[in-house]
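# Analysis of the macromolecular model
The chain contents come next:
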Amino acid sequence: MNAFDTLKQVIEGRRTTKPAQMNGQKISDEDVKEILALADWAPTHARTEPWRFFVLTGDNLQKFCEHHADLYWANTSPETRTETKRDALLNMGSKASHLVISLMRRTPEAKIITEEEYAAVAAATQNILLGATAKGIASFWSTGGMTHHPAMKLYLELKDEDLLMGLLYLGYSDEQKEGMRKIPLDDKIIWV
Ligand SMILES: Cc1cc2nc3c(=O)[nH]c(=O)nc-3n(C[C@H](O)[C@H](O)[C@H](O)COP(=O)(O)O)c2cc1C
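Here is a short report on the structure shown in this document. Being a predicted model, the structure only gives us computed values, none of them experimental. (Residues numbered from 1 in each chain as written. Predicted model: local features only at pLDDT ≥ 70, side-chain atom pairs only at ≥ 80, totals over all residues.)

### Quick look at unusual backbone geometry
Note: most peptide bonds trans; most residues except glycine with negative phi. Unusually for a residue other than glycine, Arg47 sits at a positive phi of about 55°. As for its position among the elements, Arg47 is in the loop between helix H2 (29-39) and strand S1 (51-57). Residue class for Arg47 comes out exposed when judged on the 11 C-beta atoms lying within 10 Å of it. In this model, Glu49 sits at a positive phi of 45°, which is unusual for a non-glycine residue. (Helix = DSSP H or I, 4+ residues; strand = E, 2+ residues; numbered from the N terminus. Buried ≥ 20, exposed ≤ 12 C-beta atoms within 10 Å, placed from the backbone.)

### A few points about the site of the ligand
Surveying the vicinity of the ligand reveals the residues Arg15, Thr16, Trp141, Ser142, Thr143, Gly144, Gly166 and Gly179. Grouping the constituent residues of the shell around the ligand by class yields 1 nonpolar, 6 polar and 1 charged. (Near = placed C-beta within 6 Å. Nonpolar A, V, L, I, M, F, W, Y, C, P; charged D, E, K, R; others polar.)

### A word on the pairing of strand S2 (residues 98-104)
With respect to burial, S2 is a largely interior element, 6 of its 7 residues being buried. Relative to S2, S1 runs antiparallel, the two being bridged by 7 bridges. For Phe54, the partnering residue across the bridge sits in S2 and is Ile101. Strand direction decides the pairing type here: S2 and strand S4 (residues 163-171), joined by 7 bridges, are antiparallel. What sits directly across from Leu103, in S4, is Leu164. (Pairing = 2+ DSSP bridges.)

Quick look at the structure:
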């Protein structure tokens, strides 16, 4: 298979797999390190390399999920919060192997606008998902729960100008998922 066909297979084969569909099997830290090394090759305007990652596994992953559920409960009004949602956050990591928290760290002196630094982190994040796919690892890019809430930033001790890109749950899954796109590709492209 040539490089394009291999890449196409990986890109088209990447699917969002919710942690509930993972099977609890552990990924080796070595595999996660190799995947994160791919993130480091994302494009970066003015070479600010704004991607940063927290990697959690085992007890620390479980503790994060507990904190996430607590943050949700403490920061959501009694009228809107639900125990179902709290339990979902609490159990989010129980069948995943690793959680990579992907975030943007600004280099203000480089004068690159935030959108461009965030775009670079999105590219780095996609590299993680593709690296995982190539290794047969399932992934879930989540911005659910308290991901974008100021309380999460506080909890992670982020700087004011930092931005969370997402919570990336990684694990193995026994399920095969079909891809689906709603808008035809031709409707998204104008050749001039
Ligand atoms: C920035 C971003 C945030 C996302 N957050 C969530 C989320 O919170 N919950 C969720 O179910 N899926 C989330 N997703 C995954 C999408 O639901 C998923 O990509 C979409 O359904 C297409 O499926 P595919 O990834 O298998 O192609 C997110 C994706 C992106 C790019």
